Amino acid sequence: MSGRRIGVLGGTFDPIHIGHLAAAEAAQQACELDEIRFVPTHVPPHRPDNPRASGYHRLQMVSRAVSGRAGWEVSDVELGRAGPSYTFDTLTTFRAEVPGAQFFFITGADAFAGIATWRRYPVVLDLAHFVVVARTGTTFESLRTLLPDLANRFVDTSTQAVSAALDAVAAPIFLVRARTPHVSSTDIRRRAATGLPLDGLVPAAVAAYIADHHLYAPAPGA
Ligand code: ATP
Ligand code: MG
């Protein structure tokens, strides 16, 4: 089947939390996405801010978080590739897999603020329609200032219809003004390390997985 709208949400997902799910829901609603693929990123092992969960555990947590949601699935395309993950490569792979589909790459506003440092910028922006979801701490106004070259491509989905913009604007970048919960994986890892509950911050199945596998717990004796 061609022409379907496929969302892609990349992230470390260390762990996946309700902010990710809310961002995906907001993008799905705004852009009428048929499917969403959650893509855990391969994190090279030398990152300084350990402890962090392995790719295997992050994939398992995402799989539990999206289970039961029609059209949502997890992809291991980046975990299966050696070296650091690049969105350029991932979108190239997906486009070849599903010719004729329209891809929408979803990011939070904080992640999009760094877009100019991404591999193959600005060409990467032409491999999918980018969808930037609000996140506390980074305003859309700050993105306009930070990325003046892109400002004329921004389409505010709260005031402009997506389908009309797809016809009218060359390579639109959609802004989604959703109130996503003020949650981050960094905070969740800190909470878990001090034994605080994760209720309401991650899906129950993810909280159980973290507890069962002692993820993010301080090392014994630390
Ligand atoms: P960390 O604190 O480890 O950086 P994180 O909470 O930022 O974790 P990531 O895995 O880095 O989560 O994020 C993946 C994607 O989801 C990014 O594009 C990020 O901007 C977006 N995102 C994460 N949390 C939210 C949120 N609460 N609201 C909107 N977007 C979010
Ligand atoms: Mg982050």
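Here, the structure is the one placed above.
Residues numbered from 1 in each chain as written. Chains lettered and ligands numbered in written order. Predicted model: local features only at pLDDT ≥ 70, side-chain atom pairs only at ≥ 80, totals over all residues. Heavy atoms only, no water.

(A) Quick look at the sheet that holds strand E5 (residues 129-133). Across the sheet, seven strands lie side by side as E3-E2-E1-E4-E5-E7-E6; this open sheet has parallel pairing. Each of the sheet's edge strands pairs with one partner strand only, and the pair in question is strand E3 (72-74) and strand E6 (154-156). Going across the sheet, the axis of each strand differs from the next one's by a mean of 25°, ignoring polarity. Taken together, the three bridges between E6 and strand E7 (residues 173-176) define a ladder with parallel strand orientation. Following the sheet pairing, Asp156 is matched in E7 by Leu175. Most of the contacts of helix H1 (residues 18-31) go to E5, to which it runs at about 125°, and overall it touches strand E1 (5-11), strand E2 (35-40), E3, strand E4 (102-108), E5 and E7. Packed onto the sheet, helix H2 (residues 55-66) meets E2 and E3 and runs at close to 170° relative to E3. (Pairing = 2+ DSSP bridges. Helix = DSSP H or I, 4+ residues; strand = E, 2+ residues; numbered from the N terminus. Axes fitted to C-alpha atoms, helices over the stretch in contact; angles between N-to-C directions. Contact = heavy atoms within 4.5 Å.)

(B) Structural detail: the pattern of salt bridges. Per the stated rule, a full pass over the model turns up 10 salt bridges. Arg177 is paired through a salt bridge with Asp156; the nearest N and O atoms lie 2.7 Å apart. Taken as a pair, Arg177 in the loop between E7 and helix H7 (185-193) and Asp156 in strand E6 lie far apart in primary sequence, 21 residues in all. Accessibility expressed as a relative area gives 42% for Arg177, which makes it partly exposed. According to the relative accessible area criterion, Asp156 is buried, its value standing at 12%. (Salt bridge = Lys/Arg side-chain N within 4 Å of Asp/Glu carboxyl O. Buried < 20%, exposed > 50% of the residue type's maximum accessible area, 1.4 Å probe, protein only.)

(C) Layout of the side chain of Thr90. Following the sequence through the fold, Thr90 ends up in helix H3 (residues 87-97). Classification of Thr90 by relative accessible area gives buried; the value is 2%. Sequence-distant contacts of Thr90, defined by excluding residues within four places in its chain, comprise Val39, Val77, Glu78 and Arg81.

(D) Quick peek at unusual backbone geometry. A cis geometry characterises the amide bond from Asp14 onward to Pro15, with omega recorded as 5°. With respect to the helices and strands, Pro15 occurs in the loop between E1 and H1. With phi around 50°, Phe13 is a residue other than glycine that occupies positive phi space. Secondary-structure assignment places Phe13 in the loop between E1 and H1. Overall, the relative accessible area of 1% leaves Phe13 in the buried class.

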